[in-house]
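# Results of the structural survey
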Amino acid sequence: MQRNGKTLPIAEVPNLQGGDRLWVHANLPDSQSVHYLMVIAFLRGATNPPPDSWFTRVETWTKPAHAEGVFVNVPAEAEEALVFLAPETGGAFNTLRSAVRGKPGSFVRATQDLNQASLDRLRLEKYLDVIRESSIDDPEKLKAHTTLLARSLNIRVNSDCFDKPAPQQVSCLTQNQDSLVLDDAHSQSMLATLTSGSASDLFAQVSNSPMARGGYYSAYVGAVVDVARILGSAHTAQYQYIPALGLPTKDELNLRLNSPPSFRNPKSVLVIGLPPVRQAVNPPLRAVDATQVFCIDKPELVLPAEGAPLVFATELARNFFLHVETKSGGGVNLPATPDPLKGGFIIDTGVIRKDKMDGEFRGVLKGDWGFQPFEGPRFRFRSSRSGQWIVASKDASALIVGREDTLHLQSEDACCVSGVALRDEKGKVIDTEWKVVKPGELEVKVPLQSATAGAVTMMVRKFRLADPDEIPLHTYAEAGRLDAFDIHSGDSDGVLKGTRLDQVVGIEVDGLHFLPGTLSRANQEDELKLATTDPAAGTKLQPGAAIVVHVTLKDGRSLDLKSAVEVPRPRLMVLSKSVLTDPLTASIVRLSDQGELPQDGRLNFFLKTQVPETFPPAEKVEVATADESFRVLLSMKDGNLTLQDSKTIFAVLDPMKLLGPSAFGPLKFRPVSADGVNGDWQPLINLVRIPELKAVHCIPAPEKQCTLSGDKLFLIDAVSSDPDFSNAVTVPDGYVEETLNIPFPKGKTLYLKLRDDPAIVNTATLPVETEESVQ
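As the structure is a prediction and not an experimental result, all values here were calculated from the model.

The rules behind these values
Residues numbered from 1 in each chain as written. Predicted model: local features only at pLDDT ≥ 70, side-chain atom pairs only at ≥ 80, totals over all residues. Heavy atoms only, no water. Helix = DSSP H or I, 4+ residues; strand = E, 2+ residues; numbered from the N terminus. Contact = heavy atoms within 4.5 Å. Polar contact = N/O pair within 3.5 Å; in protein donor to acceptor, adjacent residues only side chain to side chain. Pairing = 2+ DSSP bridges. Axes fitted to C-alpha atoms, helices over the stretch in contact; angles between N-to-C directions. Core = buried A, V, L, I, M, F, W, Y, C linked by side-chain atoms within 4.5 Å. Buried < 20%, exposed > 50% of the residue type's maximum accessible area, 1.4 Å probe, protein only. Salt bridge = Lys/Arg side-chain N within 4 Å of Asp/Glu carboxyl O. Phe/Tyr/Trp six-rings, centres within 6.5 Å; stacked < 30°, edge-to-face > 60°. Lys NZ or Arg CZ within 6 Å of the ring centre and 35° of its normal. Parallel < 35°, antiparallel > 145°, perpendicular 65-115°, else oblique. Left-handed = near helix turned anticlockwise from the far one by under 90°. Nonpolar A, V, L, I, M, F, W, Y, C, P; charged D, E, K, R; others polar. Disulfide = S-S within 2.5 Å. Arc of directions from axis to C-beta.

Along the chain, the position of S592 falls in the loop between β35 (589-590) and β36 (596-598). For the pair S592 and I760, spaced 168 residues apart in the sequence, the C-alpha separation amounts to 7.4 Å. Contact partners of S592, with chain neighbours within four places excluded, come to I760, V761 and N762. A polar contact is formed between the side chain of S592 and the backbone oxygen of V761, at a distance of 2.6 Å.

Okay, here's the thing in structure tokens:
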């Protein structure tokens, strides 16, 4: 095609314009047996039939046309261009011209859909060719490159393919070709379809058609099925119209058919769409990240770009170069090559002169789109130079031996880094993993698993510089990780949470010095209790106040932790308590200590709130055994707590019901606020389980032997006939019998020590049966 004295092959022409000069040649073999009549037609809208002069007849079998082709000028008012190839029947030209003039809208729509389908097919062809030709064996690299390729060409990739074995991934990525191509707004704007709705509607409809799953002549049919339906309205008894996809390569249009042509009536007429006749629409090429800074000294620099898949898939865009502005003015042009597998443009930086570049500068990607030049996205650049690096403040003590650590280094020239390594005091060099996380900042993974603490040097190499930048650093033994410091207003102690807290020698909070106490471990972290003897702690730390905890370690380092003073913990005191038993079911064992609660009894007790001033309705009272294996929350909602007034609470504890038959020993209680803040534990009462004693059966002299019968005798620790336990019998562990041999009682009273509280002597009055009384 020729415009203003410049000639381009069809593969480089995105659009036609009025006055353009076309050269068209039907590339048929010399042995072609069927005479094809070629008709070149121009259209000017769905409602405005073209004049007869806009149709050019070419008899392809004649010697001039067959050997030399034909020149055609594009009319000034034309909007679409078509080429027909029809078997010659004597009246083919008039028949075709009448069909187009009779229903111009069908052919306008057909031309636009054919052009859209051709552009989409070119994207798909490029994707398939690159995937099949790639020699990437590493699955991770294949995934990364395929992702970039799909972004460049706007192709949908089946992510499930990457879960398959490596030999099957390439074939999987090329399956279901009719569903791979996504909409491209640029090609749609180039064609400006007349119908409403996007091309995706058309593709979605044909994707469910058996024909669209792959015709005999083409693996990709796309909108061709719908085009055939549109052209079906123009069929006659003599001719039927078959759409053909035109895929340009240099000065050729390679045709793809969806059905075999017929040379019997109705004979097949091939319909080929040419580029639309209108102003060119430049590709909307854009930078993937407009804020990213690139190093102009990097060999084979890749500038990521997206938004214009036709730039990567076709020959429509060409002659790319990066125009870089220099400090001397005028700028320099660097060759640029689009590479969809790299996800952008490869820039040849070998011709750059370093003395022309300094600080940050800018460049713009330029090229040709059809007959006109266009400007693409702009990019930011820096050049390599020696410079100072700043270690991020949060990483000042981050290098801990025995593990891999992360270090953040800051410099304006971070984009020009080519490698980072660590050199220890002995000169050993350790390679690191690194990446640029944002403009001016490196993230370095430093492997220190086998290193020892001491001075080290970070060496940062840059493109085209012989000597690296050196950063003096220091590695440390692992310090405690500080997660939190919990302290409540009014408390003189708090809990520091983290790891390796055994290295903490003390902390300072707002002038108060805390010394370490008990170190424990919970939830996979250390918990260190620290306390102060300063009496000002009770009033100095106010609720909600922000504090900075200064933690001193054994190696002299000081770490800071931000925290806040929590609200005062709730506090209660016991006013009174009473043990009640049911007289109908009460045991014959009499507990001698008022501090004991039988398991089948009930404890009533009054509490008075100290903090806060009034008892909140949502506050609860937790009761638990000493080891906290058994616990229960008493609340107003459950009816265990009742307000006498705003400060006094009546509590009821039924141990058998609330704690179960296995709970025993000292019970403790603490208040629990509505937001889960716990008060201090306080002693409540001693819970004991009591055996069920039935009778004593004795044999008189000379044996003087007695047997105690009952249930759960294993709950007895020892039994005696006198309070001094001078002749006591101890019940062994795991005793399961229902009778127990005991000393001859001196009366009807036995003295018992219960297993749950063996320090207390209790009594039981039982009838003593002898053999004489039985007889």
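With that settled, consider the sheet that holds strand β41 (residues 648-653). Pairing in this open sheet of 4 strands is antiparallel, and the strands run β34-β37-β41-β40 from one edge to the other. The sheet terminates laterally at β34 (571-580) and β40 (641-643), the two strands that pair on one side only. When the angles between neighbouring strand axes are averaged without regard to direction, this sheet yields 25 degrees. Examined bridge by bridge, strand β37 (residues 602-611) and β41 share 6 bridges and lie antiparallel to one another. Across the sheet, N604 pairs through a bridge with V652, a residue of β41.

A separate point is the nonpolar core. Core analysis: the largest hydrophobic core is formed by 43 residues, its most contacted members being F345 and F381. For this core, the element with the most residues is helix α3 (residues 104-133), which contributes 7 residues. When near neighbours in sequence (up to four residues on either side) are disregarded, F345 contacts L285, L301, V302, L303, A305, V311, F312, F320, A336, T337, P338 and L365. Counting residues in hydrophobic clusters, the runner-up holds 29 residues, among them W54, A78, L85 and A244.

Here we come to unusual backbone geometry. Cis geometry marks the peptide bond from N265 to P266, where omega comes out at -5 degrees. Note that P266 resides in the loop between β9 (252-257) and β10 (267-273). Here V611 and P612 are connected by a cis peptide whose omega angle stands at -5 degrees. The residue P612 is located in the loop between β37 and β38 (620-625) in this model. With phi around 50 degrees, E300 is a residue other than glycine that occupies positive phi space. The backbone of R500 sits at a positive phi, close to 50 degrees, despite the residue not being glycine. Relative to the elements of secondary structure, R500 occurs in the loop between β28 (493-498) and β29 (504-509).

Along the polypeptide, E404 turns up in strand β20 (residues 404-410). Judged by its relative accessible area of 43%, E404 falls in the partly exposed class. Distance in space between the C-alpha atoms of E404 and K445 is 6.6 Å, their sequence separation being 41 residues. Among residues more than four places away in sequence, those in contact with E404 are K445, V446, P447, L448 and Q449.

Our next topic: the pattern of salt bridges. Between side chains of opposite charge, a pair can form as their charged atoms come close. One pass over the full model with this rule turns up 36 salt bridges. Among the salt bridges present, the one from K438 reaches E441, with a minimum N-O distance of 3.8 Å. Under the relative-accessibility criterion, K438 is labelled partly exposed at 47%. Several salt bridges share partner residues, and in doing so they unite E360, R380, R382, R385, E412, D413, K462 and D469 into one network.

It is worth spelling out the sheet that holds strand β27 (residues 482-486) at this point. The strand order across the open sheet formed by 7 strands is β27-β28-β31-β30-β29-β32-β33, and the pairing between neighbours is antiparallel. One side of each edge strand has no neighbouring strand; the edge strands of this open sheet are β27 and β33 (558-564). Across the sheet, the mean angle from the axis of one strand to that of its neighbour is 30 degrees, orientation sign disregarded. Bridge count for strand β32 (residues 546-553) against β33 is 7 bridges, and the pairing is antiparallel. Considered in β33, the bridge of A546 is made with A564.

To continue, consider the packing of aromatic side chains. The full count for this structure, using the stated rule, is 12 aromatic pairs. Measuring from ring centre to ring centre gives 5.6 Å for F312 and F345, while their planes differ by 50 degrees; the resulting arrangement is tilted. Here the residue F312 occupies a position in helix α9 (residues 309-313), and F345 occupies one in strand β16 (residues 344-347), the gap between them amounting to 33 residues. Of the two residues, F312 and F345, neither departs from the other in class, the shared state being buried. Taken together, F294, F361, F379 and F381 form an aromatic cluster joined through their ring pairs. Sitting over the face of the ring of W54, R44 holds its NZ or CZ atom 5.2 Å from the ring centroid. Above the plane of the ring of F725 lies K753, whose end atom (NZ or CZ) is 4.7 Å from the centre.

Right, let's get into the packing of α3 against helix α4 (residues 139-153). Relative to each other, α3 and α4 sit at 165 degrees, their axes nearing to 10 Å. Regarding the angle of α3 to α4, the classification is roughly antiparallel. The handedness of the crossing between α3 and α4 is right-handed. Each of R123, K126, Y127, V130 and I131 in α3 lies in contact with α4, whose residues at this interface are T146, L149 and L153. Of the residues in the contact of α3 with α4, the class split is 5 nonpolar, 1 polar and 2 charged.

Counted according to the given criterion, the structure contains 2 disulfides. Between the sulfur of C295 and that of C416 lies a disulfide, 2.1 Å long from S to S. Across the disulfide from C295 to C416, rotation about the S-S bond amounts to roughly 100 degrees, and the bridge is consequently right-handed. Remark: C416 occurs in the loop between β20 and β21 (417-423) and C295 occurs in strand β12 (residues 293-295); sequence separation between them is 121 residues. By the burial criterion, C295 is buried, and C416 matches it. Counting only cysteine sulfurs, C416 is the nearest neighbor of C415, a cysteine outside any disulfide, at a range of 4.1 Å.

A few words on helix α2 (residues 92-102). Listing the buried residues of α2 in full gives A92, F93, L96, R97, A99 and V100. Looking down the long axis of α2, one finds its buried residues gathered within 160 degrees of arc, a one-sided arrangement.

Attention now moves to the environment of G18. Mapped onto the secondary structure, G18 falls in the loop between β2 (6-7) and β3 (21-24). Classification of G18 as partly exposed rests on a relative accessible area of 44%. Sequence separation between G18 and N73 is 55 residues, and the spatial gap between their C-alpha atoms is 7.9 Å. Every residue in contact with G18, bar those within four places of it in the chain, is listed here: V74, P75, A76 and V277.

Here we take up the pairing of β38. The buried count for β38 comes to 5 of 6 residues, which makes it a mostly enclosed element. Two strands pair when backbone bridges link them, and β38 and strand β42 (residues 665-672) are joined in this way by 6 bridges, in the antiparallel orientation. By the bridge assignment for β42, T625 is matched with L667. Pairing between β38 and strand β39 (residues 631-634): 4 bridges, direction antiparallel. Among the inter-strand pairings, E622 is bridged to a residue of β39, identified as L633. Here β38 folds back onto β39, and the loop between the two strands holds 5 residues, one of which, E628, carries a positive phi near 60 degrees.

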